[in-house]
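Understanding the architecture of this molecule
Here's the letter readout for the chains.
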Amino acid sequence: MVDYHSAGQPYPYGGNGPGPNGDYMAQEDDWDRDLLLDPAWEKQQRKTFTAWCNSHLRKAGTQIENIDEDFRDGLKLMLLLEVISGERLPKPERGKMRVHKINNVNKALDFIASKGVKLVSIGAEEIVDGNAKMTLGMIWTIILRFAIQDISVEETSAKEGLLLWCQRKTAPYKNVNVQNFHISWKDGLAFNALIHRHRPELIEYDKLRKDDPVTNLNNAFEVAEKYLDIPKMLDAEDIVGTLRPDEKAIMTYVSCFYHAFSGAQKAETAANRICKVLAVNQENEHLMEDYEKLASDLLEWIKRTIPWLEDRSPQKTIQEMQQKLEDFRDYRRVHKPPKVQEKCQLEINFNTLQTKLRLSNRPAFMPSEGKMVSDINNGWQHLEQAEKGYEEWLLNEIRRLERLDHLAEKFRQKASIHEAWTEGKEAMLKQKDYETATLSDIKALIRKHEAFESDLAAHQDRVEQIAAIAQELNELDYYDSPSVNARCQKICDQWDVLGSLTHSRREALEKTEKQLETIDELHLEYAKRAAPFNNWMESAMEDLQDMFIVHTIEEIEGLIAAHDQFKSTLPDADKEREAILGIQREAQRIADFNSIKLSGNNPYTSVTPQIINSKWERVQQLVPKRDHALLDEQSKQQSNEHLRRQFASQANIVGPWIQTKMEEIGRISIEMNGTLEDQLNHLKQYEQSIVDYKPNIDLLEQQHQLIQEALIFDNKHTNYTMEHIRVGWEQLLTTIARTINEVENQILTRDAKGISQEQMQEFRASFNHFDKDHGGALGPEEFKACLISLGYDVENDRQKRTGSMDTDDFRALLISTGYSLGDAEFNRIMSVVDPNNSGIVTFQAFIDFMSRETTDTDTADQVIASFKVLAGDKNYITAEELRRELPPDQAEYCIARMAPYQGPDAIPGALDYKSFSTALYGESDL
């Protein structure tokens, strides 16, 4: 047991007096023995010391009610010492006997003595017996050692240091003059001044009155308890009602304010560092979320659009296909351009985000699977391929349907003519008129039948044409093929029947031919010449009414030439008509001359002179109509030719302009004269000049729409299509936007890394020198050569000065970074500047690498140290501490992401701030 009865003058509360091995502060005066019996003094000390002990015991989940009784068994006394010292005491004895209690108290007193305190006249028996004087003296000794000893202000410590701190903090306040720890605190203004100096928002100091001490004291005590976590240790009435408040009670109370406020600055600094780190992380996460959403929306639109473009469901009519074409034009004009802008903006956002991550020493952003920029480019390429295929399919389908409509109309015309011709033929061939006819009648029937066979043979070509057209309609998948096939089959079946009946009638007529002698030669000649002439007229009418479709001037001119050739044959045809009619007139003249009574009709043919004249008049009427139709089509083709030439004229200007601008942008991105800000302004002016050219593209779109509406499918006057112009225009806008973004990122890198304009120009000059193809990127070998030119020795796997650098500081930087460029080291550097293994090094990556070593950024260790300050040197932190020290949004951000602490000293709700800080920075970078 510690010797509590060392020689020397005893001190009240067991102190051994000033000195290196005595109390930790010099006492102004010893206690007056009479004051020991003062109830007011005892009440103040009991309340203050009890509140002070409970402020620490509650950290261990317990408290005391009676300071005399609750420390008697030594258990809570040992627990109090463990809490305030952070050290483990020997295991207490759990027995209820007096000896167990004395042993526990002795363990506590031994621990106090181990901290350099000599206790006199305080024994474990007095504490166990509930001696109020000794118990309060022991607690005061503990307060001196653990709450006041370490206070140090301007080379003063303990009581003097605490007093000096109070004087400095309250000096600016009126009616406050702190000279001691008793009378100076009675009016309560000093307590309020301390709080207002550190937390002005909690106290309205100007409204306090010196003549109202109770209100002042209660205000300070309540604010401290509510907002500063300092329990109420005294009653205002006790202080005001005492001539001289207890000094030790006041010192104990004030020391709590000192410790509360002295840690505030450290916590604020630590909180500011954490806030800075978390703000950067939150901003980056917001950018990542924006990228993910924009990428998802764009990919979803591509996913929805491609099936529509890949839909090849044919339509039945040309009007339905033209509606599809109009829908496709709306897609090109309305729906696609905003998505082109979104795609460009997405790439710019991605590059900006990666630059910010590199500048803040964070790992590179890896989008979700399937949402990389390359995935979007692949999807966009698939979209454009589908778009191109869909347009070609639409135009081919329109051509096919146009051809089908023409063939179907031609089929209907030929079928109608044939059906009109065959009407009644089957019944005629089935007649038995030869059985009762005279010889002359039979002769006439035979000749008539021969004329019919001639006519039948002439119609063979038409039947074959009808069958061929029907077959072509089937091959082209005509939507009404069943009705066409049925009609064609009916015509073919009827044709076979006519052939069979014709053969049967001929055999019947030849059987009785020997019995017939008289025949009218003129009628026969008439029939033979009238039939082919009639067939010629029918063919001519069919040709004159035939539909035609052309796409060029040459084709319509060919039709006009053929029509002119046909008109040149009309005089000869008119002579043939007059000759045929002359035969009929001659037969009638001979009959009349010989008084022969002829029947009304020619027995050899049904083609009468009236039919010939009627059809001839019809031919004469159709010729001028055909002239008008051909001239109208010629005018239409001339208009189409004008549209072709108009589009070609504009396209032949816009196409080379776009190509020239692309080449100029390439030169600008390589040369980059002046400061980065000058380059950025120049590029933005250049971009505006490109945007101002947009009306020329719009004019070309309008001309292209007129061409498509006119169903013009080719243009020999230009090699540029609207698709070429669109792709070139989109590439031009994307290229200038990317170039501007690259310069902006260079400015961002320069400002963040502290790179001078001369260094940046030197980096650009070295980069451009090795960028032989002026493509804006270096291959691995070009990059290695560039590094050698900047002071790296590749062959010896170490750095040395080569004399190629112009800036001494930058040479020193290269040497101080310690890099070497052997194969292994070079491969490692390549993995940093080209993390996607694309095989090229961009200028931005090159600048990031060359400036990386010059930046002083926050590290994970610094953040861990800051969190440890907020946690009071614990290995964990609680949600309440985070909410107390950090802004609400960032406190909740940490709480949501911190894992539970699993260490041996873990308590419920403990959070692991170390793993959280490490995760903020990912794996260490070069």
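Residues numbered from 1 in each chain as written. Predicted model: local features only at pLDDT ≥ 70, side-chain atom pairs only at ≥ 80, totals over all residues. Heavy atoms only, no water.

Some remarks on the pattern of salt bridges
Our working definition: Any carboxyl oxygen of Asp or Glu within 4 Å of a side-chain nitrogen of Lys or Arg constitutes a salt bridge here. What counts as a helix is a DSSP run of H or I of at least four residues, what counts as a strand is a run of E of at least two, and both are numbered from the N terminus. Three exposure classes are used, based on accessible area relative to the maximum for each residue type with a 1.4 Å probe and protein chains only: buried under 20%, partly exposed in between, and exposed over 50%.
Under the definition given, this model contains 53 salt bridges. Linking D229 and R58 is a salt bridge whose minimum nitrogen-to-oxygen distance equals 2.7 Å. Placement of the pair is D229 in the loop between α8 (213-227) and α9 (236-240) and R58 in the loop between α1 (39-57) and α2 (75-85), with a sequence separation of 171 residues. On the basis of relative accessibility, which here comes to 54%, the residue D229 falls in the exposed class. Its relative accessible area of 40% is what places R58 among the partly exposed residues.

Focus: the nonpolar core
The cut-off we apply is this: The nonpolar core is taken to be a set of buried Ala, Val, Leu, Ile, Met, Phe, Trp, Tyr and Cys residues, with the residues joined through side-chain atoms within 4.5 Å. Any two residues whose heavy atoms approach within 4.5 Å at even a single point are treated as in contact.
Of all hydrophobic cores here, the largest spans 80 residues; its most connected members are W52, I142, W185, F191, I195 and F257. For this core, the element with the highest residue contribution is helix α5 (residues 132-148), accounting for 11 residues. When near neighbours in sequence (up to four residues on either side) are disregarded, F257 contacts W165, F191, L194, I195, A224, L228 and I230.

Looking at the environment of H551
One can find H551 in the loop between α17 (521-545) and α18 (553-568). Taking the relative accessible area as the measure of exposure, H551 reaches 30% and is therefore partly exposed. Along the primary structure H551 and N640 are separated by 89 residues, whereas in three dimensions their C-alpha atoms are 8.7 Å apart. When near neighbours in sequence (up to four residues on either side) are disregarded, H551 contacts E402, Q637, R644, L711 and F713.

Topic: the confidence of the model for the protein chain
Interpretation of the predicted coordinates at a detailed level should be avoided for regions scoring low in pLDDT. This is how it is decided: A residue's pLDDT is the confidence the predictor assigns to it, expressed on a 0 to 100 scale.
The predicted model of the protein chain has a mean per-residue pLDDT of 79, with 86% of residues at 70 or higher. Across residues 515-519, confidence stays below pLDDT 50; counting only partners more than four residues off in sequence or on other chains, it has 15 contacts. Of the regions scoring below 50 in pLDDT, residues 794-820 engages in 57 contacts with residues more than four places distant in sequence or in other chains.

A look at α5
What sets the pattern is the α-helix's 3.6 residues per turn: residues three or four places apart point alike. To be explicit about the condition: To estimate the expected span of a helix, subtract one from its residue number and multiply by 1.5 Å. Polar contacts, as used here, are pairs of N or O atoms within 3.5 Å; protein pairs need one atom able to donate a hydrogen and one able to accept it. Residues neighboring in sequence count only if both atoms are side-chain atoms.
Helix length check: α5, at 17 residues, gives a terminal C-alpha distance of 22 Å against a target of 24 Å (1.5 Å per residue), a fit within 8%. When you tally the buried positions in α5, you get 16 out of 17 residues, the bulk of the element. Its side-chain oxygen at 3.1 Å from the backbone nitrogen of K133, N131 defines the N-terminal cap of α5.

So, the packing of helix α3 (residues 98-114) against α5
Convention followed: Axes, fitted as lines to C-alpha atoms, cover a helix only where it is in contact. Angles between the N-to-C directions of the axes lie from 0 to 180 degrees. It is the rotation of the near helix from the far one that decides the hand of a crossing: anticlockwise by less than a right angle makes it left-handed, clockwise makes it right-handed.
The N-to-C vectors of α3 and α5 enclose an angle of 35°; their axes lie 11 Å apart at closest approach. Seen from above, α3 lies across α5 with left-handed handedness. Here L109, F111 and I112 of α3 lie close against α5, whose contacting residues are M138, T141, I142 and F146.

Brief notes about the packing of helix α24 (residues 757-770) against helix α25 (residues 780-789)
Helix packing geometry: the angle between the two helix axes and the distance between the axes. Note the cut-off: Here the angle decides the label: under 35 degrees means roughly parallel, over 145 means roughly antiparallel, 65 to 115 means roughly perpendicular, and every other value means oblique. Residues are grouped as follows: Ala, Val, Leu, Ile, Met, Phe, Trp, Tyr, Cys and Pro are nonpolar; Asp, Glu, Lys and Arg are charged; all remaining types, including Gly, are polar.
Interhelical geometry of α24 versus α25 gives an angle of 140° and a closest axis separation of 9 Å. Considered as vectors, α24 and α25 are oriented oblique to each other. When you trace α24 past α25, the crossing you get is right-handed. In this structure, α24 uses S766, F767 and F770 to contact α25, whose residues at the interface are E782, A785, C786 and S789. Looking at the contact of α24 with α25, its residues break down into four nonpolar, two polar and one charged.

Some words on helix α22 (residues 694-709)
Counted only if it meets this: This arc is built from the directions going out from the helix axis to the C-beta atoms.
With 16 residues, α22 should reach 22 Å at 1.5 Å per residue; the first-to-last C-alpha distance of 23 Å fits that figure. Here α22 has its buried residues at I697, L700, Q703, H704, I707 and Q708. All buried residues of α22 lie within an arc of 140° about the axis, which places them on one face of the element. One or two steps after α22, the chain reaches L711, where phi turns positive at roughly 60°.

As for the side chain of T422
With respect to the helices, strands and loops of the structure, T422 is situated in helix α12 (residues 373-422). A relative accessible area of 2% means that T422 is categorised as buried. Residues in contact with T422, not counting those within four places in the same chain, are Q494 and L498.

Description of the environment of I829
As for its placement among the helices and strands, I829 is situated in helix α27 (residues 823-833). Along the sequence, I829 and K784 sit 45 residues apart, while their C-alpha atoms lie 9.9 Å from each other.

So, the UniProt feature "coiled-coil region" (unreviewed entry) in the protein chain
The condition is simple: UniProt positions are given in the numbering used here, feature names are shortened, and annotations may be inferred rather than shown by experiment.
Look at the UniProt record and you will see "coiled-coil region" (unreviewed entry) annotated at residues 442-476. For residues 442-476, the end-to-end C-alpha separation is 50 Å, with 94% helix and 0% strand making up the annotated structure.

Description of the environment of D912
As for its position among the elements, D912 is in strand β8 (residues 911-912). Along the sequence, D912 and T878 sit 34 residues apart, while their C-alpha atoms lie 9.0 Å from each other. Aside from chain neighbours lying at most four places away, what touches D912 is M898, A899, P900 and Y901. Of the polar contacts made by the side chain of D912, one reaches the backbone nitrogen of K914; its length is 3.1 Å.

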